[in-house]
Amino acid sequence: MTWFVLGSALWLGILTSISPCPLASNIAAISFIGRKVGSTRQVFLSGLLYTIGRTAAYLALGVVIMAGLMASGEIARFLQRYLNQILGPALILVGMLLLGLLNVSTSLSFAGQGVQQRASKGGTGWALLLGILFALSFCPVSAGLFFGGLIPLSMANDSRFVLASLYGVGTALPVLVFAFLMAFASQHVGKAFNRLTQIERAVRVITGIVFVVAGLYYSLTYVYGITMT
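Throughout this description, residue numbers start from 1 for each chain and increase along the sequence as written. With the structure being a predicted model, the display of local features is reserved for residues of pLDDT at least 70 and the display and counting of side-chain atom pairs for 80 or more, all residues being used for whole-chain, interface and lining totals. With hydrogens and water excluded, all non-hydrogen atoms of the structure serve as input to the side-chain values.

> Quick one: what's the story with the overall build of the chain, residue by residue and with numbers?
Counting from the N terminus, the helices are DSSP H or I runs at least four residues long and the strands are E runs at least two residues long. If you tally the helices and strands in the chain, you get nine helices and zero strands. Tracing the chain from N to C terminus, the helices and strands come up as α-α-α-α-α-α-α-α-α. Scored against the burial criterion, the 229 residues of the chain give a buried share of 44%. Methods summary: accessible areas were calculated by the Shrake-Rupley approach with a probe of 1.4 Å, and residue burial reflects only the protein chains presented. In the structure as shown, the chain presents an accessible area of about 11,600 Å², 67% of it carried by carbon and sulfur atoms. To sort residues, take the accessible area from a 1.4 Å probe on protein chains only and compare it with the maximum for the residue type: under 20% means buried, over 50% means exposed, and anything in between is partly exposed.

> Go over the UniProt feature "transmembrane region" (unreviewed entry) in the chain with me, naming the residues and quoting the values.
UniProt positions are given in the numbering used here, feature names are shortened, and annotations may be inferred rather than shown by experiment. UniProt annotation of "transmembrane region" (unreviewed entry) refers to residues 48-70, 82-105, 125-149, 161-185 and 205-225 when read in the numbering used here. Taken end to end, residues 125-149 has its terminal C-alpha atoms 31 Å apart, with 80% of it in helix and 0% in strand. End C-alpha to end C-alpha, residues 205-225 measures 28 Å, and it is 90% helix and 0% strand.

> Describe the environment of Leu99, listing the residues and the values that go with them.
Turning to its location among the elements, Leu99 is positioned in the loop between α4 (73-98) and α5 (113-121). Residues Leu99 and Val205, spaced 106 residues apart in sequence, show a C-alpha to C-alpha distance of 5.5 Å. Each residue touching Leu99, except ones within four places of it in the same chain, is listed here: Val205, Gly208, Ile209 and Val212. Any pair of residues with heavy atoms lying within 4.5 Å of one another is described as a contacting pair.

> Kindly report on the environment of Cys21, identifying the contributing residues and their values.
As for its placement among the helices and strands, Cys21 is situated in helix α2 (residues 20-33). Sequence spacing of Cys21 and Val141 is 120 residues, and the spatial spacing of their C-alpha atoms is 8.0 Å.

> Let's hear about the side chain of Thr171: which residues, and what values?
By the secondary structure assignment, Thr171 is in helix α8 (residues 162-184). A relative accessible area of 0% places Thr171 in the buried class. Beyond its immediate stretch of four places on either side in the chain, Thr171 contacts Gly13, Ile14, Thr16, Ser17, Asn26, Arg54 and Tyr58.

> Please give an account of the environment of Gly168 that cites residues and values.
Mapped onto the elements of the fold, Gly168 is located in helix α8. By relative accessible area, which is 0% here, Gly168 ends up buried. Residues Gly168 and Arg54, spaced 114 residues apart in sequence, show a C-alpha to C-alpha distance of 5.5 Å. For Gly168, the residues in contact, after removing those within four places along its chain, are Arg54, Thr55 and Tyr58.

> Would you mind going over the packing of aromatic side chains in detail, with residue names and values included?
Ring geometry is summarised as follows: Phe, Tyr and Trp rings, the Trp one being its six-membered ring, pair when their centres sit within 6.5 Å, and such pairs are stacked at plane angles under 30 degrees, edge-to-face over 60 and tilted between the two. A full pass over the atoms with the stated rule returns ten aromatic pairs. Arranged with centres 6.4 Å apart and planes meeting at 65°, the rings of Tyr58 and Phe138 form a pair that is edge-to-face. Residue Tyr58 is found in helix α3 (residues 40-71), and its partner Phe138 is found in the loop between α6 (126-135) and α7 (140-156); the two are separated by 80 residues along the sequence. A single burial state applies to Tyr58 and to Phe138, both of which are buried. Consider the rings of Phe146 and Phe147, whose centres lie 4.9 Å apart with planes at 90°: the pair is edge-to-face. Taking relative accessible area as the criterion, Phe146 reaches 0% and is therefore assigned buried. Residue Phe147 is classed as partly exposed on the basis of its relative accessible area of 40%. By way of ring pairs, the aromatic residues Tyr58, Phe138, Phe146, Phe147 and Tyr167 are connected into one cluster.

Next comes the structure, spelled out in structure tokens:
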């Protein structure tokens, strides 16, 4: 497994974290963590538990999906034969989602206002549960990046644990960074958040273009048999 593959999994997670829907859940998590801003230990511990929760959720989901796909001999053989052909269109679709060319509004949430309100009254341990619930709350972009980006990448590299773990860490990285800032440099939190919101669209558009180009390459090479040399 190359550093490029490892970096790609982490980048997919980071991109997920700053996309509008997951960013909203991360803002809620930051608000939860910020309740104890006077306690450096509790703030940093909450950020760490939130990261562990998200990572554990994506890891478990990735392992289940990979195990299910590979358990059937026919499915495994099909994927080994046609994975590259499937990857091209999948990357194009994910890229179109990132570029806003596909209008899909369906989302799935396990952490509504009720859960968030109960968490706000609870202890530090709630950060772990919020991480798990927010991770399993998919919107079109996050679902596309996980199911259309990470899962094919994991299957192509036969990775059930490492890539999903890196993806999970990436999705929680902004919260972990803000937890660190609130714990040790709270005066920089506002500036960091403003900078994050400013670069989100540019990062999403650039990555969307890269996904579409990569998808076209895979499609031309493995579907149509056109060599790019």
